[in-house]
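Letter by letter, the chains look like this.
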Amino acid sequence: MQNTLLLVDGSSYLYRAFHAMPDLRNPQGEPTGAIYGMINMLRRLRSDYPAAYMACVFDAKGKTFRDDLYPEYKAQRAAMPDDLRLQIEPIHEAVKAMGWPILMVEGVEADDVIGTLAVEATARGLNTIVSTGDKDLAQLVNPHVTLINTMSNEKLDEAGVLTKFGVPPERIIDYLTLIGDTVDNVPGVTKCGPKTAVKWLAEYDSLDGVIANADKIKGVVGDNLRAALDWLPQGRVLITVKTDCDLSAHHISIDESLVAKEESKEAMLAFYKRYGFKTWLRELSGDATAGATPLSSIAKATAGSGNTPAQAGLFNDDGAIPATVISNYETVLTEAQLDAWIARINAASLTAVDTETTSLEPMTAQLVGISLCCEAGHACYIPVAHQYADAPAQLSRASVLEKLRPWLEDDSKAKVGQNLKYDTHIFANHGVALRGIVHDTLLESYVFESHKSHNMDSLALRHLGKKTISFEDVCGKGAAQICFDQVELQRATDYAAEDADITLQLHLAMWPEIETDASLQRVYHDIELPTSVVLQKIERNGVLINKDLLNAQSNEIGKRLLELEQNAYELAEQPFNLNSPKQLGEIFFGKLGLPVVKKTPSGAPSTDEEVLQKLAEDYPLPKVLLEYRGLAKLKSTYTDKLPKMVNAQTGRVHTNYAQAVAVTGRLASNDPNLQNIPVRTAEGRRIREAFVAAPEHVIISADYSQIELRIMAHISGDASLLKAFADGEDVHKATAAEIFGVALDDVTSEQRRYAKVINFGLIYGMSAFGLASNLGIERAAAQSYIDKYFQRYPGVAQYMADTRTKAKAHGYVETVFGRRLWLAEINSPNGPRRQGAERAAINAPMQGTAADLIKLAMIAVQNWLENDHLQSKMIMQVHDELVLEVPESELELVRKKLPELMANVAQLHVPLLAEVGIGKNWEEAH
DNA sequence: CTGCTAGCATA
DNA sequence: GTATGCTAGCAGA
């Protein structure tokens, strides 16, 4: 770009590179992480943003005008860590060798140099790109100046600043002045954060406006503002980036001195050698072997590392596992090693497989390495994409996958893993179809002990008495977490090979428990294992989303929210954050003196929907809040979020179905959750219009009718209830006729509504108290309805009693298919907890059996689609509903067959019924 | 940056 | 009154 100036805020990146990188060292032990990060970043910038002029700007030593103005400036900042200070000089050296002009101006901060040059560039008709990790520089953005953050890949133009901060670039100074900057020790207004600052600036336009109207702002924050009035002008000067520094005095201007030079190969070679960057050295010198660690040293170092005997016998004295297992882990770096392992797994009766990847997102993560284990204690790790500074040469990902493909894709080669649904996605990301999944330790644990945790570290502790290396031990956590491809090979092998080893041992420990119990084995083998294969396909199919429609809805809702917000401010006679229950409570119950209806568990007055409904009868503000809450939820959770979750490659949303989290056997959906898309209100249902079918396809949805009540009829065997379903009656209406003692045809809609609430209450293990509060009636009246119900449906009463008894005696209840649902607190001495467990015990068999049924239906539907070579695809499961995307040519077929498969998936004492809907989108299909 | 609470969407 | 997951605000690092 001939008309572009590229400025890098070197000082801000120094810190970020230092903290983002692991503690890398060269052979001499000198720290090199920040150097590595910095070089990497500059290389990428130069290729991504070719510019006529460029410079890397650093802070110089010495005081600046800000120190004179405010001695406390940056006073709180901790001294630079030694390990970073040691890297400053080398970084300057590297930047120069790379051909970048460096600017360091004594007495002028890097920010001010950047600001001044950006203004000069604009005056000369140039566009400026500022690469920084510091939000303060957002104040410089205008049509000719853009910020980029290479660490987060974020790009901020004028619109971007407005979106990110809620104020335009010309208000950033005011905004930052109000908030203050804790890093530089510049105070703002106490308790004023981003939300409040945006609110004030929206109300009074500018900092000067806020200052002029300071007396109008109520509350503690208003007092804080008034206390800060004297300070704010000074704060503003500190926050403001100078754009008029006299750089000419330092002979700096945008001329040939800011034109990048060729990288000096000789200097870089010397530099890489000096600091031990072997991969780059190899790259630059064109010598493929330079610096590669000899294989033998790794093999030696790794074999036998972590030589702890596993104390398997401690917890499993059934002899399934040898009492001591000596771990012997191998890093596979050569063709010969790989061939030896392929021979082993081809001969093995069962092999544990595990993948290491670049992220936890199943659809986008890339393979970093594979571990295998077919004999407890003997495992290997095959790294294929580790790329830290001096990583040894590895076999390529493509070649390893091609060599392993015949085995991976062979249905007859038995595999076990921990959540292989994830690994299946990873292999699919590279064009390999994982087959032959015969066991999954995640599902074994889930079927065996639904209520316990199923992650590998806790499983290893529980079943093998072994403390494993955790992912966090290896990669750290939070912001400082590194990608697995940055992990040093020996450490990676210790961790990854152990995972495969432990997986195999876990299987050997848990399988006997399941194998010897016919019900558990059936649930595991006939339901959970095949379900996981189906789920992987559904996730991969994804759901097509109309982004434009959602964006339009977001805009529309956004406008309405602004109106409601203003409306609320007027009613409250002050601005406040409508999203903050705390602030809302202060206004409602403090300022306006509204009555407290109920309290939250932690004692604060509640402002939830029920309370607002009640208060809305007498006051105007709660009504506004109700509409605001409803719309804000739709916008933030759905219309804003879903478009962002669309996969760039497929144009679809790919949820993740968690198969082992819900203790009842249900699935859970996350990232995004597709099981809570609104349906009750008209406003909410519009979101379903954005769940669309591809061209020449339709959405077909089928849901089980009254599934849990039917299951209650089946399990309880209650004659009246069974008859109602057998006769195909409206079950709520039938219940109402029984309770109110009237003929079916005389049931009023009010009576039916009551009966419906009671039916749902029964499924949830309700009490008279709960029923009363739900129906808004006296407790005694509720109790008499319940008594009447149990009198009319004695089988149901018996079932409730039996369930409680069984739960207390065994600690678990069962579904119709024999799934065990454990109730940890069923015998708790704590009354409320125990009662909670009793209600859960009553609900669990119904919810759990429904979950079993739809899982069986999913397996049946997938089998049918595949056996008949149909193009139709399952794309969602919502507890009692299956959603398919169907080519128009298969519409009639699916419309007929889908509900049949669902209804006939099991023969209960009641008929099962599935109802079908068809449309161009999910809303129409209902 | 992390963990907590409040609130709310679904079956 | 059962079972989930997600967002925003906020307090304490």
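Note that the structure is a prediction, hence the values are computed from the model and not measured. (Residues numbered from 1 in each chain as written. Chains lettered and ligands numbered in written order. Predicted model: local features only at pLDDT ≥ 70, side-chain atom pairs only at ≥ 80, totals over all residues. Heavy atoms only, no water.)

Hey, could you run me through the overall build of chain A in this one?
What chain A contains, in helices and strands, is 38 helices and 23 strands. Scaling as 2.2 N^0.38, a compact globule of 926 residues should have a C-alpha radius of gyration of about 29 Å, and chain A matches this with 33 Å. Taken over the C-alpha atoms alone, chain A extends approximately 100 × 80 × 60 Å along its principal axes. In chain A, once contacts between residues fewer than 6 apart in sequence are set aside, the share between residues at least 24 apart is 67%. Only carbon and sulfur atoms are counted for the fraction: they give 51% of the accessible area of chain A, which is about 40,900 Å². Each charge class in chain A can be summarised by its mean position, and for the 92 positive and 121 negative side chains these summaries are 2 Å apart. (Helix = DSSP H or I, 4+ residues; strand = E, 2+ residues; numbered from the N terminus. Rg over C-alpha atoms; globule rule 2.2 N^0.38 Å. Contact = heavy atoms within 4.5 Å. Areas by Shrake-Rupley, 256 points an atom, 1.4 Å probe, with all protein chains shown as cover. Lys, Arg positive; Asp, Glu negative; His and termini not counted. Charge placed at Lys NZ, Arg CZ, Asp CG, Glu CD.)

Explain the domain arrangement of chain A to me, please; I cannot follow it from the model alone.
For chain A, the domain assignment lists domain 1 (4–166 + 242–258), domain 2 (297–516), domain 3 (544–653) and domain 4 (723–828). Of note, the centres of domain 2 and domain 4, computed from C-alpha atoms alone, are 48 Å apart. Every contact between the two is made by five residues of domain 2 and, on the other side, five residues of domain 4. Together domain 2 and domain 4 conceal approximately 380 Å² of surface at their shared face, both sides included; 53% is due to carbon and sulfur atoms. At the junction of domain 2 and domain 4, the tally comes to zero salt bridges. Summed over the shared surface of domain 2 and domain 4, the number is two residue pairs in polar contact (both at pLDDT 80 or more). In the side of domain 2 that touches domain 4, the residues fall into two nonpolar, two polar and one charged. (Domains from an automatic or database assignment. Buried area = accessible area lost by both parts, 1.4 Å probe. Salt bridge = Lys/Arg side-chain N within 4 Å of Asp/Glu carboxyl O. Polar contact = N/O pair within 3.5 Å; in protein donor to acceptor, adjacent residues only side chain to side chain. Nonpolar A, V, L, I, M, F, W, Y, C, P; charged D, E, K, R; others polar.)

What is the right way to read the packing of helix α18 (residues 420–429) against helix α23 (residues 518–541) from this model?
Pairs of packed helices are described in terms of their axes, by the angle between the two and the distance that separates them. At a minimum axis separation of 9 Å, α18 and α23 run at an interaxial angle of 45°. As the angle between them shows, α18 and α23 are arranged oblique. Considering only the axes of α18 and α23, their crossing is right-handed. Together, Lys-421, Thr-424, His-425, Ala-428 and Asn-429 of α18 and Ser-532, Leu-535, Gln-536, Glu-539 and Arg-540 of α23 make up the contact between the two elements. (Axes fitted to C-alpha atoms, helices over the stretch in contact; angles between N-to-C directions. Parallel < 35°, antiparallel > 145°, perpendicular 65-115°, else oblique. Left-handed = near helix turned anticlockwise from the far one by under 90°.)

Help me understand the protein's contact with DNA strand C, please; the structure alone is not making it clear to me.
Taken together, 33 residues lie near DNA strand C, and Lys-195, Ser-580, Lys-582, Lys-641 and Met-766 sit nearest. Taking the atoms of DNA strand C that fall within 4 Å of the protein, sugar and phosphate contribute 77% of them. In the model, a phosphate oxygen of DNA strand C is placed 2.9 Å from a nitrogen or oxygen of the Asn-577 side chain. Take Gly-770: an N or O atom from its main chain is 3.3 Å from a phosphate oxygen of DNA strand C. Counting residues per element, the ones that place at least two in the surface near DNA strand C are α25 (581–591), α27 (621–639), β16 (668–670), α34 (768–775) and α37 (831–867). The class makeup of the residues in the surface near DNA strand C is 10 nonpolar, 15 polar and eight charged. (Near = heavy atom within 4 Å.)

Just checking my understanding: could you explain the packing of helix α32 (residues 731–740) against helix α33 (residues 749–763) for this structure?
Orientation of α32 relative to α33, taken along the N-to-C sense of each, is 100°, at an axis distance of 8 Å. Considering their axes alone, α32 and α33 lie roughly perpendicular with respect to each other. When α32 is examined against α33, the residues Val-731, His-732, Lys-733, Thr-735, Ala-736, Ile-739 and Phe-740 are found in contact with a partner set consisting of Gln-751, Arg-752, Tyr-754, Ala-755, Lys-756, Ile-758, Asn-759 and Phe-760. The class makeup of the residues in the contact of α32 with α33 is eight nonpolar, four polar and three charged.

In this structure, what is going on with the UniProt feature "domain: 3'-5' exonuclease" (unreviewed entry) in chain A? I would like to understand it.
Here, UniProt's "domain: 3'-5' exonuclease" (unreviewed entry) annotation points to residues 329–515. Secondary structure across residues 329–515 divides into 45% helix and 17% strand, with the first and last C-alpha atoms of the span separated by 30 Å. (UniProt positions renumbered as here; feature names shortened; annotations may be inferred.)

Is there a simple way to explain the protein's contact with DNA strand B in this structure?
Lining the immediate surroundings of DNA strand B are 23 residues, of which Thr-600, Ser-602, Thr-607, Val-679 and Arg-680 lie closest. When the atoms of DNA strand B within 4 Å of the protein are sorted by group, sugar and phosphate make up 81%. Here Lys-633 contributes a side-chain N or O atom positioned 2.8 Å from a base oxygen of DNA strand B. The contact in question runs from a sugar or linking oxygen of DNA strand B to an N or O atom on the side chain of Tyr-638, over 3.5 Å.

Explain the nonpolar core here, please?
When a protein is soluble and globular, its nonpolar side chains tend to lie buried together. Membership of the largest hydrophobic core comes to 109 residues, with the highest contact counts inside it found for Phe-576, Phe-691, Met-712, Leu-721, Tyr-789, Leu-882 and Leu-884. A total of 12 residues in this core trace back to one element, the largest contributor, which is α37. Summarising the domain contributions, this core has at least three residues from each of domain 3 (544–653) and domain 4 (723–828). For Phe-691, the contacting residues outside a window of four places in its chain are Val-543, Leu-544, Ile-545, Leu-642, Leu-674, Ile-677, Ile-699, Met-876, Asn-921 and Trp-922. With 56 residues, the next largest nonpolar core counts Ala-138, Leu-176, Leu-201 and Val-210 among its residues. (Core = buried A, V, L, I, M, F, W, Y, C linked by side-chain atoms within 4.5 Å. Buried < 20%, exposed > 50% of the residue type's maximum accessible area, 1.4 Å probe, protein only.)

Teacher, can you tell me more about the pattern of salt bridges here?
Oppositely charged side chains may form a pair once their charged atoms are brought near each other. All told, the structure shown has 45 salt bridges when counted by the stated rule. Each of Glu-528, Arg-819, Asp-852 and Lys-855 takes part in a single network of salt bridges with overlapping partners.

Sorry if this is basic, but what is going on with the side chain of Thr-357 here?
By secondary structure assignment, the location of Thr-357 is in strand β8 (residues 351–357). On the basis of relative accessible area, Thr-357 is assigned to the buried category, the value being 11%. Among the polar contacts made by the side chain of Thr-357, one reaches the side chain of Tyr-422 at a distance of 2.7 Å. Leaving out residues up to four positions away in the same chain, Thr-357 has contacts with Ala-365, Gln-366, Val-368, Tyr-422, Ile-426 and Phe-484.

Would you take a moment to explain unusual backbone geometry for this structure?
For residues other than glycine, phi is negative in most cases, and the peptide bonds are mostly trans. Put simply, Asp-671 and Pro-672 share a cis peptide bond, and its omega is -5°. When you line up the elements, Pro-672 lands in the loop between β16 and α29 (682–685). With a phi angle near 65°, Glu-696 is a residue other than glycine that sits in the positive phi range. Checked against the element boundaries, Glu-696 lands in the loop between β17 (691–692) and β18 (697–704). Positive phi, close to 65°, is recorded for His-879, a residue that is not glycine. If you trace the backbone, His-879 turns up in the loop between β21 (873–877) and β22 (881–887).

Mind showing me how you'd approach the sheet that holds β21 here?
Sheet strands pair by backbone hydrogen bonding; their relative direction is either parallel or antiparallel. Reading across the sheet, the four strands line up as β21-β22-β18-β23 and stay open at both edges, with antiparallel pairing between neighbours. Looking along the sheet, the strands with just one partner apiece sit at the ends: β21 and β23 (914–919). This sheet shows a mean twist of 25° between the axes of neighbouring strands, independent of strand direction. Examined bridge by bridge, β18 and β23 share six bridges and lie antiparallel to one another. Note on β23: the bridge partner recorded for Asp-703 is Glu-915. (Pairing = 2+ DSSP bridges.)

Explanation requested: the confidence of the model for chain A in the structure shown.
For any part of a model where pLDDT is low, the fine detail of the predicted coordinates should not be relied upon. Across chain A, pLDDT averages 90, with 95% of residues at or above 70. For the stretch residues 288–324, pLDDT sits under 50, and the model shows 60 contacts to residues farther than four places along the chain or on other chains. (pLDDT = per-residue confidence, 0-100.)

Quick question: what am I supposed to make of helix α12 (residues 265–275) here?
Residues lying three or four places apart along an α-helix face the same way, a consequence of the helix completing one turn every 3.6 residues. Those residues of α12 not exposed but buried are Met-268, Phe-271, Tyr-272 and Tyr-275. Down the axis, α12 shows its buried residues gathered within 95° of arc, on one side only. Structural note: α12 exposes Glu-266 and Lys-273 on the side pointing more than 90 degrees away from its buried face. Of the surrounding elements, those touching the buried residues of α12 are α2 (33–48), α4 (82–97) and α13 (278–285). (Arc of directions from axis to C-beta.)

I would appreciate a short explanation of the pairing of strand β10 (residues 378–383) in the present structure.
The side chains of a regular strand alternate between both faces of the sheet. Among the six residues in β10, five count as buried, and that is most of the element. Alignment of strand β7 (residues 328–331) against β10, held across four bridges, turns out to be parallel. Bridging from a neighbouring strand, Asn-328 pairs with His-378 of β10. Judged from the six bridges that link them, strand β9 (residues 367–375) and β10 form a sheet pairing that is antiparallel. Each bridged residue has a counterpart across the sheet, and for Ser-371 the counterpart in β10 is Tyr-381. Between β9 and β10, which pair antiparallel and follow one another directly, the connecting turn spans two residues, one of which, Gly-377, has a positive phi of 95°.

What should I look at first to understand the packing of aromatic side chains in this one?
For any two aromatic rings, the description comes down to two numbers: the centre-to-centre distance and the angle of the planes. Throughout the structure, instances matching the rule amount to 22 aromatic pairs. On the basis of an interplanar angle of 50° and a centroid distance of 5.2 Å, the ring pair of Phe-277 and Trp-280 is categorised as tilted. Neither Phe-277 nor Trp-280 differs from the other in exposure class; each is buried. A ring pair is formed by Phe-760 and Tyr-764, whose centres lie 6.5 Å apart and whose planes are at 45°; its orientation type is tilted. The partly exposed category is assigned to Phe-760, whose relative accessible area is 36%. An aromatic cluster of three or more residues is present, and its members are Tyr-36, Tyr-272, Phe-277 and Trp-280. In this structure, Arg-43 is placed above the aromatic ring of Trp-280, and the distance from its NZ or CZ to the ring centre is 4.8 Å. For the cation-ring pair, Lys-415 lies above Trp-407, with the distance from its terminal atom to the ring centre recorded as 4.8 Å. (Phe/Tyr/Trp six-rings, centres within 6.5 Å; stacked < 30°, edge-to-face > 60°. Lys NZ or Arg CZ within 6 Å of the ring centre and 35° of its normal.)

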